[in-house]
Amino acid sequence: MSISLSSLILLPIWISMAQIQQGGPDEKEKTTALKDLLSRIDLDELMKKDEPPLDFPDTLEGFEYAFNEKGQLRHIKTGEPFVFNYREDLHRWNQKRYEALGEIITKYVYELLEKDCNLKKISIPVDATESEPKSFIFMSEDALTNPQKLMVLIHGSGVVRAGQWARRLIINEDLDSGTQIPFIKRAMDEGYGVIVLNPNENYIEVEKPKIHVPSSSDSSDEPAEKRERKDKVSKETKKRRDFYEKYRNPQREKEMMQLYIRENGSPEEHAVYVWDHFIAQSAAENVFFVAHSYGGLAFVELMIQREADVKSKVTAVALTDSVHNVWHQEAGKTIREWMRENCCNWVSSSEPLDTSVESMLPDCPRVSAGTDRHELTSWKSFPSIFKFFTEASEAKTSSLKPALTRRSHRIKHEELVCNNMPALFKDMTKCTQNDLELSDFSEKRT
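Conventions used here
- Residues numbered from 1 in each chain as written.
- Predicted model: local features only at pLDDT ≥ 70, side-chain atom pairs only at ≥ 80, totals over all residues.
- Heavy atoms only, no water.
- Helix = DSSP H or I, 4+ residues; strand = E, 2+ residues; numbered from the N terminus.
- Buried < 20%, exposed > 50% of the residue type's maximum accessible area, 1.4 Å probe, protein only.
- Contact = heavy atoms within 4.5 Å.
- Areas by Shrake-Rupley, 256 points an atom, 1.4 Å probe, with all protein chains shown as cover.
- Pairing = 2+ DSSP bridges.
- Phe/Tyr/Trp six-rings, centres within 6.5 Å; stacked < 30°, edge-to-face > 60°.
- Lys NZ or Arg CZ within 6 Å of the ring centre and 35° of its normal.
- Salt bridge = Lys/Arg side-chain N within 4 Å of Asp/Glu carboxyl O.

The name given to the protein in an unreviewed UniProt entry is Arb2 domain-containing protein, with Felis catus as the source organism.

As structure tokens, this is what we get:
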């Protein structure tokens, strides 16, 4: 019968508690103190001592995984999907293994952007010195010179990087649902230039330098006996600290510090920087954004900071389960009105694709993405987004209001009101002119 290390450590405390409980009132106080001590001990931390080394492969082949012809990650030998619980009862170790694989996936997607999609990797800041921290974005060859159309892709927050919608989908489902590659390829096939933002690459990590703290023995003003006592206390304290650290952090992971990238220290900063230095400089007459989750918030922040420029250059914006909030972000009335006419938010919902979803905030219409899974909203709304952009482009070309041609995305929303006012349908022009008023009446939440 094996006894865990944590049990051996706690055994003396349990014995003491049993002995104390047989005593009087004073002993009861000691029992309470010991119980409090036990409540402060993190057994998960103590169990780390039994972890295998956090030493993982740095290639897919090392993990014995590969993507098959369907873009699914499968074990090379068994053909099985990725297994998270590789070692039972070692959740932290399994999580670290998953994260190590995730970093390899990120590099793999970067390679696909360059090799399969023929995108260029562009370093930012554009005027960065050799020694300062840098990030990068990806662009098609014609991103800045295409006179007609430019598509800009912005992912959400978290561990995802350029070219990804959700790491979980890439690992557990396939590349099509989890990456932006289908959007990029179709956009290029339809004559768009493409820019892929990298809003989560905000800093680089370097090992924290070790600071030398002079020992008390360096103080020559103190008597030798006093210095010896201090040194003894210091050594005992260090011994206890090291003993605890041995269990708290058995793998001795390096202490890291973050060096932020100039003018790109947050997703919002990054969006503004890429707008100023690339998108605003592009020749495209029509710019289209696809922004997922926190990417939607970053776009709204961009609008707030560059309202006139965005309005003059952007034709339509497709949001997928965006977490923006026009009230918290203090977006003005003119921005909210522009969003009502030029944006659509495909949200997680069990309703069929493109079904109108009630909106509580007065900004853009919300329609179902055809899935109730947040991370899948971009992939599931993929065909509708391109249809939305085509209609918006045609509307602009024919000098019609975008709202008129985007009725296919709002028809359910308008029916809720217009069905009760049949007289409006006798005159389509009249109904179109009342779009804004109807939106204010029925759309209460974004």
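Read on, since the account is not over.
Engineer: I keep staring at the overall build of the protein and nothing clicks. Help me out?
Structural biologist: A count of helices and strands for the protein gives 19 helices and 13 strands. Taking all 446 residues of the protein together, the buried fraction comes to 46%. The contacts of the protein with a sequence gap of at least 6 include a subset with a gap of at least 24, amounting to 70%. Summing over all exposed atoms, the protein offers an accessible surface of approximately 23900 Å²; the carbon and sulfur share of this is 51%.

Engineer: When you look at the environment of Gly-156 in this model, what are you seeing that I'm missing?
Structural biologist: Residue placement: Gly-156 occurs in the loop between strand S5 (149-154) and helix H6 (167-172). Along the backbone, Gly-156 and Ser-293 are 137 residues apart, and their C-alpha atoms lie at a distance of 4.9 Å. Setting aside residues up to four positions removed in sequence, Gly-156 forms contacts with Asn-200, His-292, Ser-293, Tyr-294 and Gly-295.

Engineer: What is the right way to look at the sheet that holds strand S11 (residues 343-347) in this model?
Structural biologist: Strand pairing in a sheet relies on backbone hydrogen bonds. The paired strands run either parallel or antiparallel. The strand order across the open sheet built from nine strands is S3-S4-S6-S5-S9-S10-S11-S13-S12, with neighbouring strands paired in mixed fashion. Strands with a single pairing partner mark the edges of an open sheet, and in this sheet they are strand S3 (120-124) and strand S12 (356-357). Here S11 pairs with strand S13 (residues 366-368) via three bridges, running parallel. Each bridged residue has a counterpart across the sheet, and for Val-347 the counterpart in S13 is Ser-368.

Engineer: What exactly am I supposed to notice about the environment of Pro-57 here?
Structural biologist: Mapped onto the secondary structure, Pro-57 falls in the loop between helix H3 (43-47) and helix H4 (60-63). Along the sequence, Pro-57 and Ile-104 sit 47 residues apart, while their C-alpha atoms lie 9.2 Å from each other. Once you skip the residues sitting within four places of it in the chain, Pro-57 turns out to touch Gly-62, Phe-63 and Ile-104.

Engineer: Explain the packing of aromatic side chains here, please?
Structural biologist: Two descriptors summarise a pair of aromatic rings, namely the distance from one centre to the other and the angle between the planes of the rings. Within this structure, the stated rule accounts for 22 aromatic pairs. Summarising the aromatic geometry, the rings of Tyr-86 and Trp-93 are spaced 6.2 Å apart at their centres and angled 25 degrees between planes, so their arrangement reads as stacked. We classify Tyr-86 as exposed; its relative accessible area is 52%. Between the aromatic rings of Tyr-192 and Phe-288, the centroid separation amounts to 5.6 Å while the plane-to-plane angle is 75 degrees, which identifies the pairing as edge-to-face. Taken together, the positions of Tyr-192 in strand S6 (residues 192-196) and Phe-288 in strand S9 (residues 286-292) put the pair 96 residues apart, joining distant regions of the chain. With respect to burial, Tyr-192 and Phe-288 carry one shared label: buried. Ring pairs connect the aromatic residues Trp-165, Phe-183, Tyr-192, Phe-288, Trp-346, Trp-379, Phe-382, Phe-386, Phe-388 and Phe-389, which therefore count as one cluster. Taking the ring centre of Trp-93 as reference, the NZ or CZ of Arg-87 above it sits at 4.9 Å. If you follow Arg-186 out to its NZ or CZ, it ends over the ring of Phe-382, 5.5 Å from the centre.

Engineer: I tried to follow the pattern of salt bridges on my own but got confused; where do I start?
Structural biologist: Oppositely charged side chains can pair when the atoms bearing their charge come close. Applying the stated criterion across every chain, the model contains 13 salt bridges. Of the charged contacts, one joins Arg-262 and Glu-263 as a salt bridge, the two residues approaching to 3.4 Å between their closest N and O atoms. Residue classification places Glu-263 among the partly exposed residues on the basis of a relative accessible area of 42%. We note a salt bridge from Glu-307 to Lys-311, for which the minimum N-O separation is 2.7 Å. One end of the pair, Glu-307, and the other, Lys-311, are both in helix H12 (residues 307-313), four residues apart, so they sit about a helical turn from each other.

Engineer: What is the right way to read helix H13 (residues 333-342) from this model?
Structural biologist: For an α-helix, the turn length of 3.6 residues means that residues three or four places apart are oriented alike. The element H13 is extensively covered by neighbouring structure, given that seven of its 10 residues are classed as buried. Taken together, the buried positions of H13 are occupied by Ile-335, Arg-336, Trp-338, Met-339, Arg-340, Glu-341 and Asn-342.

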